[in-house]
Amino acid sequence: MKPHIQKLPLSEHSSFVADTFFTPHFETPWHYHSEYELVLILQGKGKRFVGNHVSDYEEGNLTFMGPDVPHLFRKEEPEATGGSLVIHFKEDFLGNDFKRIPEMQKLKQLFQKARMGLHITGSTRELISQKMNNMLQLQGMERLICLLSILTVLANTGEFELLSSSEISGQNSRDNDRLNKVFDYVMSNFKNEIQVGKVAEIANMSYSGFCRYFKNRTKKNFTHFVNEIRIGYACKRLMESDVSVSNVCYESGYNNLTNFNEQFKKILKCTPYQFQRQHKV
């Protein structure tokens, strides 16, 4: 696998990148880069990995991430079409003294929060989504002013959720290659029994070495990570009609209902039955 330090092409006529990307032309593994990134999902759904955070994403989701924050948007169906509108910019894209002026204090605070990844919500998401789409029709100074307008909205809103529980930075291509193999294996096999020893072999590490490595890189143990993936899948199934909790339990990779209930409540603070009653369509 190639090194996963991604860099989008920067035009000589622009200080930042703003463009749309549709699969299969923008398939990126677990990666990081030195630019800030704002990602608007235009099409598709799947799993979003940001730092040590795992959640579902779908059309309309908006995520803002700081430099060197490792992330991955993995499609639910590998062959399905996915699309995103992406803005990349460096912290000094307006010069080294840009952040030092008094008017930029809120922006400095925004940039600090972005190092854990932000999920933008509510009317803020709708406004920024509209601005991002409009930006594609602009050039030169108008395009730059639009980016500054977007950053101003982000710096002044409270409609966001912090994603990663701590600042987690990308390491190197070898580490990212290992994590990609682990993520791919878990996402492809979570419905079946997953043995840590097998995953350690895939990562070319000893059992204990892998457990320490995964905890160090993601700030969570491997078993908890697998449970997050399984419970996330279970939630989607429970929101569908005419599906029993017991069936979802086994479909999600659990061998017994008691363990499923315990893990579900530990992660979501409610039982599968309560979740289903609240969210069933």
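Residues numbered from 1 in each chain as written. Predicted model: local features only at pLDDT ≥ 70, side-chain atom pairs only at ≥ 80, totals over all residues. Heavy atoms only, no water.

> How would you summarise unusual backbone geometry if you had to cite specific residues and measurements?
Unusually for a residue other than glycine, N204 sits at a positive phi of about 60 degrees. You can see N204 is positioned in the loop between helix 5 (196-202) and helix 6 (207-218). Accessibility expressed as a relative area gives 65% for N204, which makes it exposed. In this model, K219 sits at a positive phi of 60 degrees, which is unusual for a non-glycine residue. If you trace the backbone, K219 turns up in the loop between helix 6 and helix 7 (222-238). For K219, a relative accessible area of 42% translates into the label partly exposed. (Helix = DSSP H or I, 4+ residues; strand = E, 2+ residues; numbered from the N terminus. Buried < 20%, exposed > 50% of the residue type's maximum accessible area, 1.4 Å probe, protein only.)

> Requested: an account of the sheet that holds strand 6 (residues 71-75), with residues and values cited.
As a general point, the strands of a sheet are linked pairwise by backbone hydrogen bonds and lie either parallel or antiparallel. Spatially, the three strands line up as an open sheet ordered 4-3-6, and their pairing is antiparallel. Every other strand in the sheet has two partners, leaving strand 4 (53-57) and strand 6 as the edge strands with one partner each. Direction aside, the axes of adjacent strands within the sheet are offset by 20 degrees on average. (Pairing = 2+ DSSP bridges. Axes fitted to C-alpha atoms, helices over the stretch in contact; angles between N-to-C directions.)

> Could you give me a rundown of the pattern of salt bridges, with the residues and numbers involved?
A complete count under the given rule lists 10 salt bridges for this structure. Close ionic contact of E76 with K236 constitutes a salt bridge, the shortest N to O distance being 2.4 Å. Here E76, found in the loop between strand 6 and strand 7 (83-89), pairs with K236, found in helix 7; they are 160 residues apart in sequence, far enough to count as distant. Of the residues examined, E76 reaches a relative accessible area of 32% and is grouped as partly exposed. With its nearest N and O atoms 2.7 Å apart, the salt bridge here joins R237 to E251. Of this pair, R237 sits in helix 7 while E251 sits in helix 8 (residues 245-251); the two residues are 14 residues apart in sequence, bridging distant segments of the chain. Look at E251 and you get partly exposed, because its relative accessible area is 27%. Through salt bridges with shared partners, a single ionic network connects K45, E76 and K236. (Salt bridge = Lys/Arg side-chain N within 4 Å of Asp/Glu carboxyl O.)

> Can you explain the packing of helix 9 (residues 257-268) against helix 10 (residues 272-279)? Please cite residues and give values.
In contact at an axis separation of 9 Å, helix 9 and helix 10 are set at 60 degrees when each is read in the N-to-C sense. Classified by the angle their axes make, helix 9 and helix 10 are oblique. Residue-level contacts link L257, F260, N261, F264 and L268 of helix 9 to P272, Y273 and F275 of helix 10. Considered class by class, the residues forming the contact of helix 9 with helix 10 number seven nonpolar, one polar and no charged. (Parallel < 35°, antiparallel > 145°, perpendicular 65-115°, else oblique. Contact = heavy atoms within 4.5 Å. Nonpolar A, V, L, I, M, F, W, Y, C, P; charged D, E, K, R; others polar.)

> Could you give an account of the confidence of the model for the chain, with specific residues and numbers?
Scored by pLDDT, the chain has a mean of 89; 92% of the residues are at 70 or more. Low confidence marks residues 1-5, where pLDDT is under 50. Its contacts with residues over four positions away, or in another chain, come to 13 contacts. (pLDDT = per-residue confidence, 0-100.)

> Kindly report on the environment of Q139, identifying the contributing residues and their values.
Its place among the elements puts Q139 in the loop between helix 2 (122-135) and helix 3 (140-155). Q139 gets classed as exposed once you look at its relative accessible area, which sits at 68%. Taking the C-alpha atoms as reference points, Q139 and S14, separated by 125 residues in sequence, lie 8.8 Å from one another.

> Can you tell me about the nonpolar core, naming the residues and giving the values?
Grouped together as the largest cluster of nonpolar side chains are 30 residues, with contacts concentrated most on L38, F64, I87, F89, M132, I150 and L154. Taken together, the elements giving at least two residues each to this core come down to strand 2 (36-43), strand 5 (62-65), strand 7, helix 1 (105-113), strand 8 (118-120), helix 2 and helix 3. Per-element tally for this core: the top contributor is helix 3, with eight residues. Apart from residues no more than four positions distant in its own chain, F64 is found in contact with Y36, E37, L38, F89, L110, F111, A114, G117, L118 and L154. In this structure, M187, A200, F225 and Y233 belong to the second largest nonpolar core, which totals 24 residues. (Core = buried A, V, L, I, M, F, W, Y, C linked by side-chain atoms within 4.5 Å.)

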